[in-house]
Amino acid sequence: MTLRSPIFRKLLLAALLLILVTAAALDFSLTRFVSAREAGAVERQLESQSRILSGELGTVSADRIEDWAKSAGARAQSRVTLIGPDGRVVADSEHDPTTMENHSERPEVREAMAGHRGVSIRHSSTMDLDFVYVASPAMYEGQKGFVLRLAVPLRHLRAAISEVRWRAVRISLVAVALALALGYFFSRMFTRRIHKLQRFAEGLVEARFTDRLEPAPEDELGSLARALNKMAGQMQDLVARLSSESARREAILSSMVEGVLAVDQELCVTFCNESFAGAVGAQMPVPERLPVLELVRDPEFLDLLTRVLVTGATQKRRLQLSAAGDRTYEIQAAPLEVRSRRGAIAILHDVTDLERLERVRKDFVANVSHELRTPLAAIQGYTETLLDGAIDDRENSRRFLEVIKTHTVRLGRITSDLLALSELESGKSIPPPERVSIRAAVESALSSVEPEARLRQIKVHAVNLPDDFIMGNRVRVEEALVNLLDNAAKFNRPGGEVWVEAGRTPDGKVQVTVIDDGIGIPSEDLPRIFERFYRVDKARSREVGGTGLGLAIVKHIVERMGGSVNVESQLGKGSRFTLVFPPA
């Protein structure tokens, strides 16, 4: 694993290059030093020998000069050459002088002819070897201008230098090996420390704050390790605070009844709470970066978000979202800046129920006004007629007073039903629940409506009344049954019948059913018959004296006791109202 580390390889390679460069420089310097030293030693030796041989030269005759040159060369272990003033070779210890070139142009010879000692290292064309030449001025047969030159082959010098170089190379290789071992050890130790710092830094990126670096030496990496430990502690505290704040914010937004949607500048989802997803029929969790067009397909909603992103101003609009089942929402959208990027946030307030309540309120006011205006107008008209003199007409005045009485009773009924409905809706003055016998409540309600039913030639029957009990208010239960039985008798034909049944549902609840074979209810009116003042046949309702509040009162009574009411009806065949209560 260490060898795969780039920094380890770089450190080791740098150490190797440094060692090699140092060894090469040392070898070069040592070689030059040895070469110069050996060359100087050879020169000094040749110069010394040259002085000795120059002294012998004065005693050598011309016919013995060749022998002397060979003898001197053997004794000096060098090549000995005597050169005349004109540059011709007079004698040479290793070659026939007659075949040799003129040496006047040789650099060492020129120096010697000028009265100085000449030294040169060059190739000899005669011997085809490299030599070190040392030439000195000499006298021969009493004449000046002669040059005595001694030469040693360069291979001897090179052999000495080569031996020194190989020793230096061997020592350098040993030094390189030791240096590489030390470099490997220190590079490995350095790399391991860096890897620890790297893994620790990666842990910080992945939010692993529990680990800590071990105490490090007092160097730059140690200072870095202590700084990372300190930073990890600060980051842990910061992330904990941010996580807590984010969790609190997420909990608040997720638990909001209002739908919340946040988008970025490309109209892609960055946040969506459960209320918004439920409003548009989406599954949670909604993926981030999901285009809003795939979540909400209403052009007006998309236009609202686009306007906020373009203008940077808050927008407010009331819309019906098709994906939300045409429910009405008050939508407020505002710009949102997240990490220097523009976005938008939209908050949905469901105002469907508010609009419905507003419509109900308006309808209620209109209906109450209408219901009160008709009897009040009749009472006012007949009263004014009586005051204008009709009171003296005994025949008509009594009839007028009967009409006034009828409308007064109707006003009383409307007022009584309104008060009862208001009390039920407000939830005030709720008496403690008691055990109520269904049989007793049905029998009491039957006794209340039988006189009216008899006048209308309607037969009322009680069928299968078990002695079941529910928890509630007996007066209210009887009131609900009286309203249902009264409607069944009023909206029936002469000779019709009404049945009351009671029993248990499959899940054990108490069920009371009121059935009639009267005129029935059109299917399009069934969803609205429990609304206040809603009448299927307004003319017949007013004829029989209905207020339009009876079924609304029934629904409130049953639901207040934890039950439910439903209706089944066919036009011309009658109706079936079913009350379901939890058992006592």
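Structure: see above.
Residues numbered from 1 in each chain as written. Predicted model: local features only at pLDDT ≥ 70, side-chain atom pairs only at ≥ 80, totals over all residues. Heavy atoms only, no water.

Some remarks on helix H11 (residues 438-455)
Then step 1. The end-to-end C-alpha distance of H11, which contains 18 residues, comes to 26 Å, matching closely the 26 Å that a straight helix rising 1.5 Å per residue would cover.
Then step 2. Val-449 marks the point of greatest bend in H11, at about 40°, and the proline Pro-451 comes within the next four residues.
Then step 3. Among the residues making up H11, those that are buried are Ile-438, Ala-441, Val-442, Ala-445, Leu-446, Val-449 and Ala-453.
Then step 4. Next to the buried residues of H11 lie strand E11 (434-437), strand E12 (459-463), strand E13 (469-472), helix H12 (474-490), strand E14 (497-504) and strand E15 (510-516).
Then step 5. Within two residues after H11, Gln-457 carries a phi angle of roughly 65°, on the positive side. (Helix = DSSP H or I, 4+ residues; strand = E, 2+ residues; numbered from the N terminus. Expected span 1.5 Å × (residues − 1). Bend = angle between axes of the 7 residues up to and from the residue. Buried < 20%, exposed > 50% of the residue type's maximum accessible area, 1.4 Å probe, protein only. Contact = heavy atoms within 4.5 Å.)

Concerning the nonpolar core
Then step 1. The biggest cluster of nonpolar side chains holds 41 residues, and the ones touching the most others in it are Val-442, Leu-481, Leu-485, Val-512, Phe-577 and Leu-579.
Then step 2. Counting only elements with at least two residues in this core, the list comes to helix H10 (394-426), H11, H12, E14, E15, helix H14 (550-560), strand E16 (564-570) and strand E17 (574-581).
Then step 3. Once residues within four sequence positions are removed from consideration, Leu-579 is found in contact with Leu-481, Leu-484, Val-510, Gln-511, Val-512, Val-554, Val-558, Ser-564 and Val-565.
Then step 4. Among the nonpolar cores identified, the runner-up in size contains 27 residues, and Phe-276, Val-280, Val-286 and Leu-309 belong to it. (Core = buried A, V, L, I, M, F, W, Y, C linked by side-chain atoms within 4.5 Å.)

As for helix H8 (residues 299-311)
Then step 1. Between its terminal C-alpha atoms H8 stretches 18 Å, which fits the 18 Å expected from 13 residues at 1.5 Å a residue.
Then step 2. The complete set of buried residues in H8 reads Phe-301, Leu-302, Leu-304, Leu-305, Val-308 and Leu-309. Down the axis of H8, the sector holding all buried residues measures 155°, keeping them to one side. Facing away from the buried side of H8 by more than 90 degrees, the exposed set consists of Pro-299 and Val-310. (Arc of directions from axis to C-beta.)

Some words on unusual backbone geometry
Then step 1. Located in the positive-phi region is Gln-457, a residue other than glycine, with phi close to 65°.
Then step 2. As for its position among the elements, Gln-457 is in the loop between H11 and E12.
Then step 3. Judged by relative accessible area, which is 54%, Gln-457 ranks as exposed.
Then step 4. You will see that Asn-464, though not glycine, has its phi angle at about 55°, which is positive.
Then step 5. By the element assignment, Asn-464 lies in the loop between E12 and E13.

Focus on the pairing of strand E5 (residues 143-153)
Then step 1. With 8 of 11 residues buried, E5 is to be regarded as a mostly interior element.
Then step 2. Examined bridge by bridge, strand E1 (residues 79-83) and E5 share 5 bridges and lie antiparallel to one another. Note on E5: the bridge partner recorded for Val-80 is Leu-150. (Pairing = 2+ DSSP bridges.)

Thoughts on the pattern of salt bridges
Then step 1. This structure, assessed with the given rule, holds 15 salt bridges.
Then step 2. The salt bridge involving Arg-79 is made with Asp-92; its shortest N-O contact spans 3.1 Å. One end of the pair, Arg-79, is in strand E1; the other, Asp-92, is in strand E2 (residues 89-92), with 13 residues separating them in the sequence.
Then step 3. Among the residues examined, Arg-79 registers a relative accessible area of 2% and is labelled buried.
Then step 4. Where Arg-88 meets Asp-86, a salt bridge forms, and the shortest distance between an N and an O atom there is 2.7 Å.
Then step 5. With relative accessibility at 52%, the residue Arg-88 sits in the exposed group.
Then step 6. On the basis of relative accessible area, Asp-86 is assigned to the partly exposed category, the value being 42%.
Then step 7. One connected set of salt bridges, linked through shared partners, spans Asp-303, Arg-307 and Arg-317. (Salt bridge = Lys/Arg side-chain N within 4 Å of Asp/Glu carboxyl O.)

Some points on the sheet that holds E15
Then step 1. Spatial ordering of the open sheet is given by E12-E14-E15-E17-E16, a layout of 5 strands whose pairing is mixed. Either end of the sheet is taken by a strand with one partner, and the two such strands are E12 and E16. Mean inter-strand twist for the sheet, computed between neighbouring axes without regard to direction, equals 15°.
Then step 2. Relative to E15, H12 is tilted by about 20°, and along the sheet it contacts E14, E15 and E17. (Axes fitted to C-alpha atoms, helices over the stretch in contact; angles between N-to-C directions.)

Concerning the packing of H11 against H12
Then step 1. The interhelical angle for the contact between H11 and H12, taken along N-to-C directions, is 35°, at an axis separation of 8 Å. Considering the relative orientation of H11 and H12, their crossing is right-handed. In this structure, H11 contributes Ala-440, Ala-441, Val-442, Ser-444, Ala-445, Leu-446, Ser-448, Val-449, Glu-452 and Ala-453 to the contact, and H12 contributes Arg-474, Val-477, Glu-478, Leu-481, Val-482, Leu-485, Asp-486 and Ala-489. (Left-handed = near helix turned anticlockwise from the far one by under 90°.)

Comments concerning the pairing of E15
Then step 1. E15 sits mainly inside the fold: 6 of its 7 residues count as buried.
Then step 2. Where E14 lies against E15, 7 bridges are found, and the strand directions are antiparallel. Across the sheet, the residue bridging to Gly-503 is Gln-511, located in E15.
Then step 3. In this antiparallel pair of consecutive strands, E14 and E15, the connection spans 5 residues, and Gly-508 shows a positive phi of 90°.
Then step 4. Strand direction decides the pairing type here: E15 and E17, joined by 7 bridges, are antiparallel. Looking at E17, one finds that Gln-511 is bridged to Val-580.

These values are about where atoms sit, not about what they do.
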